[in-house]
Amino acid sequence: MEIQSSSVHASQSSGSSITFEKHPKGTQARVLLSSVFGPYAQDDEFGSRSINPMELYHNQVTRAQGSFSLRMFHRSWGIMMIQANISAPCTVLDFPTRDDFAREITRNHYDVIGLSSIIVNLGKVREMCRMIRRLSPASTIVIGGHIAAIPGIEAMIEADHIVKGEGIAWMRRYLGEDEGTPIRHPAIVSGMRTRIMGIRLPERKGATAATIIPSVGCPMGCNFCTTSAFFGGKGKFVNFFETGDELFAVMSQMEDELKVNSFFIMDENFLLHRERAMRLLELMKQGHKSWTMSVFASANAIRKYTMQELVELGVSWLWMGLESPRAGYSKLQGSDTRDLTRELREHGIRVQGSSIIGLEHHTPDNIVAEIEHAVSHDTDFHQFMLYTPVPGTPLYQQISQEGRLLNNVDYADVHGQFKFNFKHAAISRDDSKRFLDWAFWRDFQLNGPSLYRISRTLLAGWKRYKDSPDPRVRERFAREMHRLSGIYGSALWAMERQFRKVDLRVSNQIRELRQEFKQESGWLSRWLPSVLGPILLWTTRREEKRLARGKTYEPPTILERTNWVEA
Ligand code: B12
Ligand code: SF4
């Protein structure tokens, strides 16, 4: 391996022909890995945007649902994965404020400071590099994550290494470790500080799913897809756990460590790898594992399984792209997605649909019908995103070559929840936002709060499988029903009343479901809504007032050290 001077150079995560600088201290180097600083849900000079909070649901899924919006935070899993797979003394600093970050790099000496960022947070990375050069000038700055795909990034920030693609192998190589060592999966609790209807849910050990990351990238290579492009594009992806056996071992370990039986599988197209999934199912059956799984999958991948297989695998939440039937994406081929989503829900599988607003064929005349089509799927959750050429993707290259990119758009605004960053053939920039906002509103108006929809899907699954001959399946639905029926019943009680003035039709639907829940629940869960329901109604109304006053939520700052020795 050739040692290079300290000039900035983009590094690929694979390929031995590339010249590569190794850190002189090797595994003795002290490493800090940090996410970008907050607060996030506000407009500021560094690129925070109130419309772009550090929340999954409230950012891009339930943002129009007011106090019924699901609020929660997710850790920065990329840097957690890197930390778990290096033997150097390492600190992960997640969601720091600027002051936290300054304090950490001043109080401790770090040989290497790695910053993880996506494209929208370029302004923050620029500022953090500036802070490092001033407060810790001897540190080597390494930048990783999707930000590395910005063309000309080397000249925009002051960093020593910019890492494109997979970072564990890169960091291991940089520290002189064996990059072929099997991946160690850190124990990750999938979400934190969950909040809905104005209350924060208690965080009991084992109550929140564990995140499992089997791979990064997706071989389908849809032209707009940044995760696929970043890890190699069409036909490529990076597997951390190749086989069902490896995956089973990791999940069993997390089951022990975190006391969980539910898993959030962070793999862009988990079901595409059928052999791995079916082997996992075989092992789950052998080990009598009644696990619950939340997965991402494309429609054509889902179609490779029978409903029975999905239910036996424990799939209880499925995120799928619906796009438009006229867009011609191969992942949808041969699928009537409306039938598919209905069938999934009838089997107790919560569906999160994802639709793109502003595809090339959209016009002001047809887009309303396309949104109505998307909303008619009546999925439990629905994500809407603007069609967005993001640096690094084939779409970006194409739109750029066609001279249609808008040059004056700040990267902080290129996140798909604001306005187009390119010239669309038929829809103006301002209208792109109007249509996007309308899609969220229409989904909420027609289908009601997602909390109502997920309770409906759970009940459908329970009714269908409460007497299933497979004890693992029976146990899974019984567990969820036992844990949630009283809570859902209470939430439905409050929702029904809250919607009476807003939309009587939705309120009546909620009442019907509440009554069905009552019939299926034990005495405690039947009784709970009369006590908890009024409390939830009160907290919901209080939350509505808070939100109207501009209340926002921020993730907590978290600091974790491994292999640590004080300097
Ligand atoms: C969890 C997640 C979030 C969490 C954020 C968690 C956090 N702490 O940052 C939430 C839900 C809040 C979120 C929000 C947003 N997200 Co997001 N998110 C994801 C998601 C689903 C998983 C990320 C993940 O952990 N992947 C698994 C890990 C292992 O992969 P990784 O992070 O890429 O890390 C690897 C490499 O990138 C690299 N690496 C990463 N960091 C570093 C650091 C160093 C030093 C090195 C060397 C290497 C390195 O090594 C890692 C291991 O291989 C991805 C999709 C995906 N499948 O990745 C989208 C994704 C990252 N998000 C994206 C977007 C657009 C957003 C939003 C703008 C959403 C929006 N408006 O719709 C907001 C931005 C919020 C904000 N203010 O910053 C895009 C990024 C696009 C881009 N090109 O920049 C992605 C790729 C989704 C997509 N396909 O569009 N997101
Ligand atoms: S199927 Fe989904 S994850 Fe895969 S490339 Fe297409 S959009 Fe990306």
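Draft legend 1. A look at the site of ligand 1. Taken together, 41 residues sit near ligand 1, with S76, S116, E166, E268 and M385 positioned nearest. Contacts to ligand 1 include N59, whose side-chain N or O atom sits 3.0 Å from a nitrogen atom. Those elements giving two or more residues to the shell around ligand 1 turn out to be α1 (57-60), α2 (77-84), β5 (112-116), β6 (140-144) and α7 (226-230). With four residues, α2 is the largest single contributor of residues to the shell around ligand 1. A breakdown of the residues in the shell around ligand 1 according to their chemical character gives 19 nonpolar, 18 polar and four charged.

Draft legend 2. The arrangement of the confidence of the model for the protein chain in detail. Confidence along the protein chain averages 93 in pLDDT terms, with 95% of residues attaining 70 or more. Confidence drops under pLDDT 50 across residues 1-18; counting only partners more than four residues distant or on other chains, this segment forms 43 contacts.

Draft legend 3. Representation of the nonpolar core in the model. By size, the foremost hydrophobic cluster in this structure holds 144 residues, and its most contacted members are F101, I143, F263, L271, M293, L313 and L344. Of the residues forming this core, the biggest block, eleven residues, is contributed by helix α17 (residues 471-500). If near-sequence neighbours (up to four positions away) are discounted, L344 is found in contact with I302, M307, L310, L318, M320, I349 and V351. C222, C225, I367 and I371 belong to the second largest nonpolar core, which has 24 residues in total.

Draft legend 4. Fine view of the pattern of salt bridges. Following the criterion strictly, the structure yields 42 salt bridges and no others. Measuring nitrogen to oxygen at the nearest pair gives 3.2 Å for the salt bridge that ties R274 to E309. Placement of R274 in helix α9 (residues 274-286) and of E309 in helix α11 (residues 307-313) is noted, with a sequence separation of 35 residues between them. Residue classification places R274 among the partly exposed residues on the basis of a relative accessible area of 28%. Through salt bridges with shared partners, one network takes in E496, R497, R500 and R514.

Draft legend 5. The arrangement of the packing of aromatic side chains in detail. Taken as a whole and judged by the stated rule, the model has 22 aromatic pairs. With 5.0 Å between their ring centres and 65° between their planes, F263 and W291 make a pair best called edge-to-face. Of this pair, F263 sits in strand β13 (residues 262-265) while W291 sits in the loop between α9 and β14 (292-296), and the two are 28 residues apart along the sequence. Overall, W291 belongs to the buried group, its relative accessible area being 2%. Cation over ring: R98 sits above F37, and NZ or CZ is 6.0 Å from the ring centre. Across the ring face of Y305, the terminal group of R274 is positioned such that the distance to the ring centre comes to 5.0 Å.

Parameters and conventions
Each residue is numbered by its place in its chain's sequence as written, counting from 1. For this description, chains carry letters from A and ligands carry numbers from 1, given in the order in which they are written. Local features in a predicted model are, by the rule used here, given only for residues with pLDDT of at least 70; side-chain atom pairs are given and counted only at 80 or more, and totals for whole chains, interfaces and linings are based on all residues. Side-chain measures here rest on the full set of heavy atoms in the structure, leaving out hydrogens and waters. Any residue with a heavy atom positioned within 4 Å of a molecule or strand is treated as near that molecule or strand. In the analysis that follows, any N or O atom pair within 3.5 Å is treated as a polar contact, provided that within protein one partner can donate a hydrogen and the other can accept it, and provided that, for residues neighboring in sequence, both atoms belong to side chains. Helix and strand definitions here come from DSSP, where helices need a minimum of 4 consecutive H or I residues and strands a minimum of 2 consecutive E residues; each element is numbered from the N-terminal end. We call Asp, Glu, Lys and Arg charged. Ala, Val, Leu, Ile, Met, Phe, Trp, Tyr, Cys and Pro are nonpolar, and the rest, Gly among them, are polar. Predictor confidence is given residue by residue as pLDDT, running from a minimum of 0 to a maximum of 100. Throughout, a contact is declared for two residues whenever any of their heavy atoms are within 4.5 Å. Here, nonpolar core means buried Ala, Val, Leu, Ile, Met, Phe, Trp, Tyr and Cys residues that are tied together by side-chain atoms lying within 4.5 Å of each other. Only protein chains enter the area calculation, which uses a 1.4 Å probe; residues under 20% of their type maximum are buried, those over 50% are exposed, and those in between are partly exposed. By definition, a salt bridge exists where a carboxyl oxygen of Asp or Glu is found within 4 Å of a side-chain nitrogen of Lys or Arg. Centres within 6.5 Å make a pair out of two Phe, Tyr or Trp rings, where for Trp the six-membered ring is used; the pair is then stacked when the planes are under 30 degrees apart, edge-to-face when over 60, and tilted otherwise. Distance and angle both matter: a charge sits over a ring if NZ of Lys or CZ of Arg is within 6 Å of the ring centre and within 35 degrees of the ring normal.

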